[in-house]
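Here is how the chains run, residue by residue.
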Amino acid sequence: MTTTDVQVGSPLRAPRPTAWRRLLLTWLALPLSALAALLIGALLILAFGADPITGYHALLSGAFGGSYALASTAQKAVPLLLVAVGICIAVRASVWNIGGEGQIVTGALASTATALALPNLPAFVLIPLVVVVAAAGGAIWAGIAGFFKAYFNVNEILSTIMLNLVAVQVMNYLLSGPMINKAQSFAITGSIPQTRLLSKNSWLPTIVSGTQLNLGVVIAVAVAVAGYFLLWRTGFGFRIRAVGLSRDAAAYSGMPVKRTIMSAMVLSGACCGIAGAVLVFGSISHRMVTDGSLTGFTGNDGFNGIVVALFGGLNPLWSILSAYLFGGLLVGGTSMQGVIGVPTDLVTTIEGLVVIFVVSIDYLRVRSRIQEEAQRLGQEKEGVPASAGRSLLIKLVRARP
Amino acid sequence: MSAFFTYAILTATIASAIQYATPFLLAALGETLGQRSGVLNLGVDGIMLMGAFSCYYVALQTGSDLLGILVGIGVGAVLGLITAFMSVTLRAQQGISGIGVYIFGLGLSDLLFVRFVGTPLPVNPLPAVNIPLLSKIPAVGRMFFQQNLLIYLAFVLVPALAFVLYHTNFGTKVLAVGENPAAADSVGISVTRTRYVTVVLGCTMAGLAGATLLLLDGIFQENLTQSAGFIAVALVYFGAWRPAGVMTGSLLYGVVTAVVLQWKSLGIIPTSAADLAATAPAVITVLALVALAGRFKQPAALGKPYVRGA
């Protein structure tokens, strides 16, 4: 076998990456993933004997048509963004926090209990208090998984999912027992597990009159900006990213790897916990309500937030846009159901496809970077590219979060 | 409490524990096969949901449970091909690509259910098959030998998988690819082909697990599995990647679930605390993961995509 044969057969000798190709794999990669998912969604709508154009039109106008729709979308985006920021922080440390659901629940329970216990505090004290307590509630729940990950090397994906199951059952117990609205008449409300009406002082104030848009939006955007600065403008954020890229390299350079993993999880959980508070104190009912199912209270936001973070390139600032788009998808999905009768589960299906495409395309992006690198090296010295490109490929494939 | 310790209730509890354990066992055995070759598949729950729905739909339309099971297996295989393509060919990050498959399966199974079935009608659960002679043994017969065929199949697969892994050529290849893919590659074992086979077979078993779960009660509902697929993945860790260990874990899980339900119906656990008692299996799983972490070595290449030239 000659050297030429190796190079022809090697994936590193694929066609020269053009500017167009680079554009395709960087800026266009995520929009194209979303487009592909929506196209498959359209095929599913067709399979149901409905018209995808009518459906997607209803979805778009329900999500973005008019100020009320725009505000509803923003409101829906708030918990998604908060969870997404949490996911960004954890994943940058190479820890997959799949426990958003459970952390939302514990944050909401802790803050609701606080508001029920201290209803007479003035709003300017009570609102910050419930947000902080919610953050603590989420942080503790995530911290359990973070502790097990850092000090016992327990797979965090599994432990966070188990903790989700525990949190939901604890919520069902508390809301249908100790925290239930004792005043409610069983005949009127049936057996809906819910708390009594929360003190008015704890309601998140509306910031645009005539819409549901409340202080939660401000909190979420502030958390996203803070998350960005934390990750890219502080030494702590640098440590998180260093540990995420290579645990060994970070350890060799003297960074406290275990503590960093633990802290990233705790912060991640705190963001998810705040999402729980927003879901309670920014809700229309101003109570904590569930239906007993796994997603009855959270509306699956703990998982949706993962999709948002991935689509936002694991960057808190891009996650703002991403959260708004996915908020629109969820709000619009309800309108679409009303018009063409296709259940909102279609939106969940599309979200799953987005994750699949985004994750799949990642390798192509890495490979394209290798090819460019190989070519750059090839210009310097003949014969270097294949091996140099390969070792770099291996490093990148291993290092990427 | 004394009501629990009667002959009839104890044997019934053990019999149902084995039924609860079976879907976990099937899914976890499939996951064991995949993980032994180095692929972490977290989409099991989504695949179980799709397997359960397709089995339900076909059984409802045709009246044949067997046809439903076969279609459930087929759907598992198709999703397995997609999973393998992502994690082997495209070298996607395995943790999160599996979450994508899970969300996809969760959405699509309920979408299809709402659209094509709507009002849930039960299909016939699989009939129990009494094993001649053995089912006549007092207590033991009632507990172990009056179950349906899928349950027997699941427990037969435990020694079968152990045999395949430890005593066949194919099994040796799987273990080699999972421990050191570069070395396996250098002696001519195709890492890609081996992993495709294990992942597709594993997902087939996840599809079968979904069908089994469905046929216990004969009715589908949104999120029927209630994260059973994730628990199955945890059971693989619990069982230290060994078929017998995975079976032990599944049985333990089945026993805890059955006892909690039985105590609830007997009133030993007050209704108000039933939700708290239902956390027991998940809590036990987390504690077991912590207790067993580091005791057993996981397949060295688990979760790492293979790039030739390392």
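A quick note: this is a predicted structure, and the numbers were derived from the prediction, not measured. (Residues numbered from 1 in each chain as written. Chains lettered and ligands numbered in written order. Predicted model: local features only at pLDDT ≥ 70, side-chain atom pairs only at ≥ 80, totals over all residues.)

(A) Expanded view of the overall build of chain B. Tallying secondary structure elements over chain B gives 13 helices and two strands in all. Over its C-alpha atoms chain B spans a radius of gyration of 20 Å, differing by no more than 12% from the 19 Å that the globule rule assigns to 310 residues. Taking the principal axes of the C-alpha coordinates as reference, chain B spans close to 65 × 45 × 45 Å. Expressed as a percentage of its 310 residues, the buried residues of chain B come to 51%. (Helix = DSSP H or I, 4+ residues; strand = E, 2+ residues; numbered from the N terminus. Rg over C-alpha atoms; globule rule 2.2 N^0.38 Å. Buried ≥ 20, exposed ≤ 12 C-beta atoms within 10 Å, placed from the backbone.)

(B) Region of interest: the overall build of chain A. Counting its regular elements, chain A contains 17 helices and zero strands. Considering chain A as a whole, with its 401 residues, one finds that 52% of them fall into the buried category. Sequence-distant contacts, at least 24 apart, represent 77% of the contacts inside chain A between residues at least 6 apart. (Contact = placed C-beta atoms within 7 Å.)

(C) Spotlight on the interface of chain A and chain B. Taken together, the contact pairs 43 residues of chain A with 46 residues of chain B. Going through the elements one at a time, α7 (123-152), α8 (156-176), α14 (301-311), α16 (345-380) and α17 (385-399) of chain A are the ones with two or more residues in the side of chain A that touches chain B. Considering every element that reaches the side of chain A that touches chain B, the biggest residue donor is α16 of chain A, with 13 residues. Looking at the side of chain A that touches chain B, its residues break down into 29 nonpolar, ten polar and four charged. (Nonpolar A, V, L, I, M, F, W, Y, C, P; charged D, E, K, R; others polar.)

(D) Just the nonpolar core, in detail. Of all hydrophobic cores here, the largest spans 209 residues; its most connected members are L81, L82 and I274 of chain A together with A52 of chain B. Mapping this core onto the domain boundaries places at least three of its residues in each of domain 1 (30-50 + 343-401) and domain 2 (59-341) of chain A. Those residues in contact with I274 of chain A that sit more than four places away from it in its chain are L82, G107, V131, A134, A135, I219 and V223 of chain A. Residues V174, A176, V191 and V307 of chain B belong to the second largest nonpolar core, which totals eight residues. (Core = buried A, V, L, I, M, F, W, Y, C linked by C-beta atoms within 7 Å. Domains from an automatic or database assignment.)

(E) Representation of the domain arrangement of chain A. Residues and elements named next belong to chain A. Per the domain assignment, the segments of chain A are domain 1 (30-50 + 343-401) and domain 2 (59-341). Computed over C-alpha atoms, the centres of domain 1 and domain 2 are 28 Å apart. Going through the elements one at a time, α3 (29-47) and α16 are the ones with two or more residues in the side of domain 1 that touches domain 2. Looking at which element gives the most residues to the side of domain 1 that touches domain 2, the answer is α16, with seven residues. Of the residues in the side of domain 1 that touches domain 2, the class split is twelve nonpolar, one polar and one charged.

(F) Main features of the environment of A270 of chain A. Residue and element names in this part refer to chain A. With respect to the element layout, A270 can be found in helix α13 (residues 257-281). For the pair A270 and V133, spaced 137 residues apart in sequence, the C-alpha separation works out to 9.3 Å. Sequence-distant contacts of A270, that is, excluding residues within four places in its chain, are made with A135, G138 and A139.

(G) Representation of the environment of R195 of chain B. With respect to the helices, strands and loops of the structure, R195 of chain B is situated in helix α9 (residues 191-217). C-alpha of R195 of chain B to C-alpha of Q35 of chain B: the two residues are 160 residues apart in sequence and 9.3 Å apart in space.

(H) How the structure looks around unusual backbone geometry. All names here are of chain A. Even without a glycine there, the phi angle at S94 is positive, about 65°. Positionally, S94 belongs in the loop between α5 (67-92) and α6 (100-117). Even without a glycine there, the phi angle at H286 is positive, about 55°. Checked against the element boundaries, H286 lands in the loop between α13 and α14.

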